[in-house]
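# Coordinates in review
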Amino acid sequence: MMIFALTRSVSPSLADCELTHLAREPIDIAKAVEQHATYEALLRSLGAKVIQTPAAPEFPDAVFIEDTAVVLDELAIITRPGAESRRGEVIDVAHALVDYRRLFTMTAPATLDGGDVVRMGRTLYVGRSGRTNDAGIAQLRDAVAEYGYSAIPVDFTGCLHLKTAATAVDDNTVLLNRAWVSPSAFEGRTILDIAASEPFGANVLRVGDALVYGSQFPHTRAMLDAHGFSVATVDCTELAKAEGAVTCCSLLLSPRLPGETV
Ligand code: CIR
């Protein structure tokens, strides 16, 4: 099946990014740009068609496009990002998505970052975080209910988004950092633990049958290999200094017209 990957280029102002849990370190923009291009090339090599949304130099965190929308087969929810500096990022993303999906746009007082939403089938696990509030979870729940999705709030600590602490590696398996989120939040799912020495290793992007993964987590990667997953790694260490990882840098969707029956 064809997959589109919406991406957005690294802003020259990335060094002014939001930071919550990490200390500010110098970011080599040229290197970040190069790593992002390698990431896009990897997505292409896995069969995705990369669609670059317009650059947004005025938004330091624009490269982390995942936070601006939650894209499902039936609709896309345009979020109201939790960080005020990121709210304007959604406009161009909504323009890009309107060709493919019916849109639902979140409104105040809701806030939600796409990085807090882990989808497994018709279940959306939604991190309750500094970025995603209860009103955001409620608006998401109401928007998706008619399509048969449920939204389950998940508490976690220690990192920015739920997807930093847990992501799905297949339809029923969660890769998880149990120091940050309790496995009980994913009751009924199979749990795979990251290597304790690689706390940021729980963020994996599924592209078809492959897993796109940061190259800085060799121990967790070996575990995934041993479980038979097809893992393709990319160096995203420069973007990691801005508190981003592999899922943050794209919005994946199967192409279809808004309103087309799934
Ligand atoms: C932020 O704080 O919003 C950005 N510096 C990092 C966002 C990373 N996004 C994600 O994990 N989905």
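Refer to the structure above for everything that follows.
Here we summarise the structure given alongside this text. Please read these numbers as outputs of a predicted model, since none were measured by experiment. (Residues numbered from 1 in each chain as written. Predicted model: local features only at pLDDT ≥ 70, side-chain atom pairs only at ≥ 80, totals over all residues. Heavy atoms only, no water.)

### Section: the overall build of the protein
Here is the rule we go by: Working definition: helices are DSSP H or I runs of at least four residues, strands are E runs of at least two. Numbering for both runs from the N terminus. The quantity called the radius of gyration is restricted to C-alpha atoms. Its globule counterpart is 2.2 Å times the number of residues to the power 0.38. For the exposure calls, accessible area comes from a 1.4 Å probe over protein chains only, and a residue counts as buried if that area is under 20% of its type's maximum, exposed if over 50%, partly exposed in between. Residue contacts follow a heavy-atom distance rule, with two residues in contact if any of their heavy atoms lie within 4.5 Å. In short, Shrake-Rupley with a 1.4 Å probe defines the accessible areas, and a residue's cover is counted only from the protein chains shown.
A count of helical and extended segments in the protein gives six helices and 15 strands. A compact globule built from 262 residues would reach a C-alpha radius of gyration of about 18 Å, and the protein, at 17 Å, matches this within 12%. Dimensions of the protein, computed from the C-alpha atoms along their principal axes, are close to 45 × 40 × 35 Å. Residues counted as buried form 54% of the 262 residues belonging to the protein. Sequence-distant contacts in the protein: of pairs separated by 6 or more residues, those separated by 24 or more amount to 68%. For the protein, the accessible surface area stands at approximately 10800 Å², while carbon and sulfur atoms represent 53% of it.

### Side note on the environment of L97
Take L97: it is sitting in helix α2 (residues 90-97). Sequence separation between L97 and D61 is 36 residues; the distance between their C-alpha atoms is 19 Å.

### Here's the deal with the site of the ligand
Which entries qualify depends on this criterion: Any residue with at least one heavy atom within 4 Å of a molecule or strand is counted as near it. Contacts described as polar in this section are N or O atom pairs within 3.5 Å, which, within protein, must combine one atom able to donate a hydrogen with one able to accept it, while residues neighboring in sequence count only if both atoms come from side chains.
Looking at the ligand, there are 14 residues lining it, with D61, E66, R86, R131 and A242 nearest. Between the ligand and R86 there is a distance of 2.8 Å, counted from an oxygen atom to a side-chain nitrogen or oxygen. Protein chains shield 99% of the accessible area of the ligand, which is 350 Å² for the free molecule.

### Comments concerning the side chain of S250
If you trace the backbone, S250 turns up in the loop between α6 (237-240) and β15 (251-253). Take S250: its relative accessible area is 4%, and that puts it in the buried class. The residues contacting S250, other than those within four sequence positions of it, are L6, T7, Y39, L43, I65, E66 and L205.

### Overview of the environment of T220
Within the secondary structure, T220 sits in helix α5 (residues 218-226). In this structure the C-alpha to C-alpha distance between T220 and E146, which are 74 residues apart in sequence, comes to 38 Å. Setting aside its immediate chain neighbours within four residues, T220 contacts L175, I194, A195, E198, G201 and Y213. Only 2.6 Å separates the side chain of T220 from the side chain of E198, close enough to count as a polar contact.

### Digging into the sheet that holds strand β9 (residues 166-170)
In sheet architecture, strand pairing relies on hydrogen bonds along the backbone and comes in two forms, parallel and antiparallel. Note the following rule: Pairing between strands is defined by DSSP: at least two bridges between them are needed. With axes taken as lines fitted to C-alpha atoms, and helix axes fitted only over the stretch in contact, angles between N-to-C directions fall between 0 and 180 degrees.
Pairing in this open sheet of three strands is mixed, and the strands run β9-β10-β11 from one edge to the other. Pairing within the sheet leaves two strands with one partner each, and these edge strands are β9 and β11 (190-193). Neighbour to neighbour, the strand axes of the sheet diverge by 35 degrees on average, direction disregarded. Examined bridge by bridge, β9 and strand β10 (residues 173-176) share four bridges and lie antiparallel to one another. Its bridge partner being in β10, T167 is matched across the sheet by L175.

### Here we look at helix α1 (residues 29-45)
To keep it simple, the criterion reads: By this rule, a helix spans an expected 1.5 Å times one less than how many residues it contains. In this description, one arc is meant: the one made by directions from the helix axis to the C-beta atoms.
Taking 1.5 Å per residue as the helical rise, α1 with its 17 residues ought to reach 24 Å, and the 24 Å between its terminal C-alpha atoms agrees with that figure. Those residues of α1 not exposed but buried are A32, Q35, H36, Y39, E40, L42 and L43. Each buried residue of α1 sits inside an arc of 155 degrees when the element is viewed along its axis, so together they form one side. More than 90 degrees from the buried face of α1, the exposed residues found are A30, E34 and S45.

Function-wise, these values are silent; they only describe arrangement.
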